[in-house]
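Architecture at a glance
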Amino acid sequence: MPSSTADRRQIMAADPAATSALGRALGAVAHAGDLVCLWGELGAGKTHLAKAFAAGMGVTETVTSPSFILMAEYRGRLPLFHIDPYRLASAEDALAGGLIDERQREGVTLVEWPERLGDALPAARLDIRIDGTGDDRRSITLIAGSDDYRRYLEVAA
Ligand SMILES: Nc1ncnc2c1ncn2[C@@H]1O[C@H](COP(=O)(O)OP(=O)(O)OP(=O)(O)O)[C@@H](O)[C@H]1O
Ligand SMILES: [Mg+2]
């Protein structure tokens, strides 16, 4: 069935604190095996939201954008795998064997710049699209790629 309004939810985040509150709420309902993709241009707030998502998963370490490694791993209630391929030319090649390996099925995989991964992106995922940059408020759209991911839409206020 094509995506209906029940598959997506759009909210306005007036300031960085509102983006963080959303990220924490989403991280709190994360399940093992989830794939979450963060779409948005430079400075949209992807990493800002990723940090809050991690906090919502109980990660206490500081989440940074890994510049020279494909994937960083953090420990929370579940393991968190953070992929930010922005500066990696060959990210698609590196993930040619598949985006999610056995280890990642035990945790949550959070991807910034998912457009860099091309065909490696499975359809069952949560998409988070952030529109707006600079000091502007952000429009944040959540799209559930399968029924299981609708639980994220329910906690987005
Ligand atoms: N709702 C919001 N309103 C205004 N500013 C916000 C909002 N949410 C986040 N920001 C701000 O957006 C800025 C950029 O965030 P961030 O570095 O996370 O962007 P990014 O998408 O990861 O960019 P890049 O792709 O360059 O890494 C941060 O300074 C953050 O405070
Ligand atoms: Mg970033």
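About the cut-offs
Residues numbered from 1 in each chain as written. Chains lettered and ligands numbered in written order. Predicted model: local features only at pLDDT ≥ 70, side-chain atom pairs only at ≥ 80, totals over all residues. Helix = DSSP H or I, 4+ residues; strand = E, 2+ residues; numbered from the N terminus. Buried ≥ 20, exposed ≤ 12 C-beta atoms within 10 Å, placed from the backbone. Contact = placed C-beta atoms within 7 Å. Core = buried A, V, L, I, M, F, W, Y, C linked by C-beta atoms within 7 Å. Pairing = 2+ DSSP bridges. Axes fitted to C-alpha atoms, helices over the stretch in contact; angles between N-to-C directions. Near = placed C-beta within 6 Å. Nonpolar A, V, L, I, M, F, W, Y, C, P; charged D, E, K, R; others polar. Parallel < 35°, antiparallel > 145°, perpendicular 65-115°, else oblique. Left-handed = near helix turned anticlockwise from the far one by under 90°.

**Observations regarding the overall build of the protein chain**
What the protein chain contains, in helices and strands, is four helices and seven strands. Shown N-terminal to C-terminal, the secondary structure of the protein chain runs as helices and strands in the order β-α-β-α-β-β-α-β-β-β-α. Residues classed as buried in the protein chain amount to 34% of the 157 residues present. In the protein chain, of all internal contacts separated by at least 6 residues, the share reaching a separation of at least 24 is 64%.

**Here we look at the nonpolar core**
Ranked by internal contacts, the top residues of the largest apolar core, which has 31 residues, are Phe53, Leu80, Leu110 and Ile128. Contributions of two or more residues to this core are made by helix H1 (16–28), strand S2 (35–39), helix H2 (46–56), strand S4 (79–83), strand S5 (108–112), strand S6 (126–131) and strand S7 (138–144). Among the elements that make up this core, the one with the highest residue count is H2 (five residues). Beyond its immediate chain neighbours, meaning those up to four positions away, Phe53 contacts Gly23, Leu26, Gly27 and Leu110.

**So, the sheet that holds S5**
In space, the seven strands of this open sheet follow the order S1-S7-S6-S2-S5-S4-S3, with mixed pairing throughout. Because the sheet does not close on itself, it has two edges, and the strands there are strand S1 (8–13) and strand S3 (71–75). Averaged over neighbouring strand pairs, the angle between their axes works out to 20° when direction is ignored. Most of the contacts of H1 go to S1, to which it runs at about 145°, and overall it touches S1 and S7. Strands S2, S3, S4, S5 and S6 of the sheet are contacted by H2, whose axis makes an angle of about 165° with S5.

**Section: the site of ligand 1**
Not every one of the 18 residues close to ligand 1 is listed here, only the nearest: Thr19, Gly45, Lys46, Thr47 and His48. Of all the secondary-structure elements, those providing two or more residues to the shell around ligand 1 are H1 and H2. Among the residues making up the shell around ligand 1, the classes are represented as six nonpolar, seven polar and five charged.

**Points about the packing of H1 against H2**
Axis separation between H1 and H2 bottoms out at 6 Å; the angle between their running directions is 40°. When the axes of H1 and H2 are compared, the pair comes out oblique. H2 is crossed by H1, and the crossing has right-handed handedness. Each of Pro16, Thr19, Ser20, Gly23, Arg24, Ala25, Leu26, Gly27 and Ala28 in H1 lies in contact with H2, whose residues at this interface are His48, Leu49, Ala52, Phe53, Ala54, Ala55 and Gly56. Along the lines of polarity and charge, the residues of the contact of H1 with H2 split into nine nonpolar, six polar and one charged.

**Quick notes on H2**
Counting buried positions over the 11 residues of H2 gives eight, a clear majority of the element. Where H2 is concerned, the buried positions are Lys46, Leu49, Ala50, Lys51, Ala52, Phe53, Ala54 and Gly56. On its buried face, H2 is in contact with H1, S2, S3, S4, S5 and S6. One or two steps after H2, the chain reaches Gly58, where phi turns positive at roughly 90°.

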